[in-house]
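One letter stands for each residue in the lines below.
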Amino acid sequence: MLKPGVLHRRIAGEILNRFERKGLKIIALKMLRMDRAVVETHYAEHTGKNFYQELVDYTCSGPVAAMILEGKEAVSTVRRLIGPTNVHDSQPGTIRGDFAASTTLNIVHASDSKPSAEREIALFFKPDDICDWDDGNKGWF
Ligand code: CMP
């Protein structure tokens, strides 16, 4: 999920490009304003933490772009491209390392496991929103 700062800063294309050039396949993509209740469900595991309110306010502050990326080891591949949650640990060359100055406002979110991907996909997308296209990929990516 590209958080509101990405759309505000006009860097959505730049971030998408990083996923695409790695060879991940976009099979669903949509922009939306997230309801506070949906954000609270999405970040339920962080309820009560000192950054929780700022995180929820930020996520509701503007449009987000949600996507499903498919590929070999997609969860770990996306997380490596993004870099660690703590922006002080994220290296240049990663998305957070290059674009995020704050851990709470860290511009992108990615599922941390297959079960959380399944849960989060269901929060954003209906089955009809998913376009499972075949690009005849012979393993070039
Ligand atoms: P995200 O990948 O969206 O998942 C949970 C979010 O909570 C995380 O990115 C950060 O925006 C925020 N977050 C997680 N841990 C911390 C922390 N220690 N301090 C501040 N914000 C955090």
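Look a little higher up for the structure.
Residue numbers here run from 1 along each chain, matching the order of that chain's written sequence. Selection of residues for local features in this predicted model requires a pLDDT of at least 70, selection of side-chain atom pairs for listing and counting requires 80 or more, and totals for whole chains, interfaces and linings are taken over all residues. Calculated side-chain values reflect all of the structure's heavy atoms, with hydrogen atoms and water omitted.

Things to note about helix H2 (residues 12–22)
Among the residues of H2, Ala12, Ile15, Leu16, Arg18 and Phe19 are the ones counted as buried. The buried residues of H2 all sit within an arc of 150° when viewed along its axis, so they share a single face. Whether two residues are in contact is decided by their heavy atoms: any pair within 4.5 Å suffices. Helix and strand assignments follow DSSP, with helices taken as H or I runs no shorter than four residues and strands as E runs no shorter than two, numbered in order from the N terminus. Where H2 is buried, its residues meet helix H1 (4–8), strand S1 (25–32), strand S2 (64–70), helix H5 (74–82) and helix H6 (95–99). Note on H2: the residue one or two positions beyond its end, Gly23, has a positive phi of about 105°. Think of it in three bands: residues with accessible area under 20% of the maximum for their type are buried, residues over 50% are exposed, and the middle band is partly exposed, with areas taken using a 1.4 Å probe on protein chains only. The arc in question is traced by the directions running from the helix axis to the C-beta atoms.

Structural notes on the side chain of His46
Residue placement: His46 occurs in the loop between helix H3 (36–42) and helix H4 (52–60). Those residues in contact with His46 that lie beyond four places of it in its chain are Phe51 and Tyr52.

Some details on the nonpolar core
Among the nonpolar cores identified, the biggest contains 24 residues, and Leu2, Ile15, Phe19, Ile95 and Ile107 are the most heavily contacted of them. Elements with a contribution of two residues or more to this core: H1, H2, S2, H5 and H6. The element that contributes the greatest number of residues to this core is H2, accounting for 4 residues. In this view, Phe19 contacts Leu2, Leu24, Met67, Leu69, Val78, Leu81, Ile82 and Ile95; residues no more than four positions away in its chain are not counted. Think of a nonpolar core as a cluster: buried Ala, Val, Leu, Ile, Met, Phe, Trp, Tyr and Cys residues, connected wherever their side-chain atoms sit within 4.5 Å. Ranked by size, the runner-up nonpolar core spans 15 residues in total, among them Tyr52, Cys60, Val64 and Ile68.

Topic: the packing of H2 against H5
To get an axis, a line is fitted to the C-alpha atoms, and for a helix only the part in contact is used. The angle between two axes follows their N-to-C directions and goes from 0 to 180 degrees. At a minimum axis separation of 11 Å, H2 and H5 run at an interaxial angle of 135°. Classified by the angle their axes make, H2 and H5 are oblique. Helix-helix and strand crossings are classified by hand; for H2 and H5 the assignment is right-handed. Seen from H2, the contacting residues are Arg18, Phe19 and Lys22; seen from H5, they are Thr77, Val78, Leu81 and Ile82. Taken together, the residues of the contact of H2 with H5 sort by class into 4 nonpolar, 1 polar and 2 charged. Under this scheme an angle from 65 to 115 degrees is roughly perpendicular, one under 35 degrees roughly parallel, and one over 145 degrees roughly antiparallel; angles in between are oblique. Crossings are sorted by hand: turned counterclockwise from the far helix by less than a right angle, the near helix makes the crossing left-handed, and turned clockwise it makes it right-handed. Basically, the charged four are Asp, Glu, Lys and Arg, the nonpolar ten are Ala, Val, Leu, Ile, Met, Phe, Trp, Tyr, Cys and Pro, and anything else, Gly included, counts as polar.

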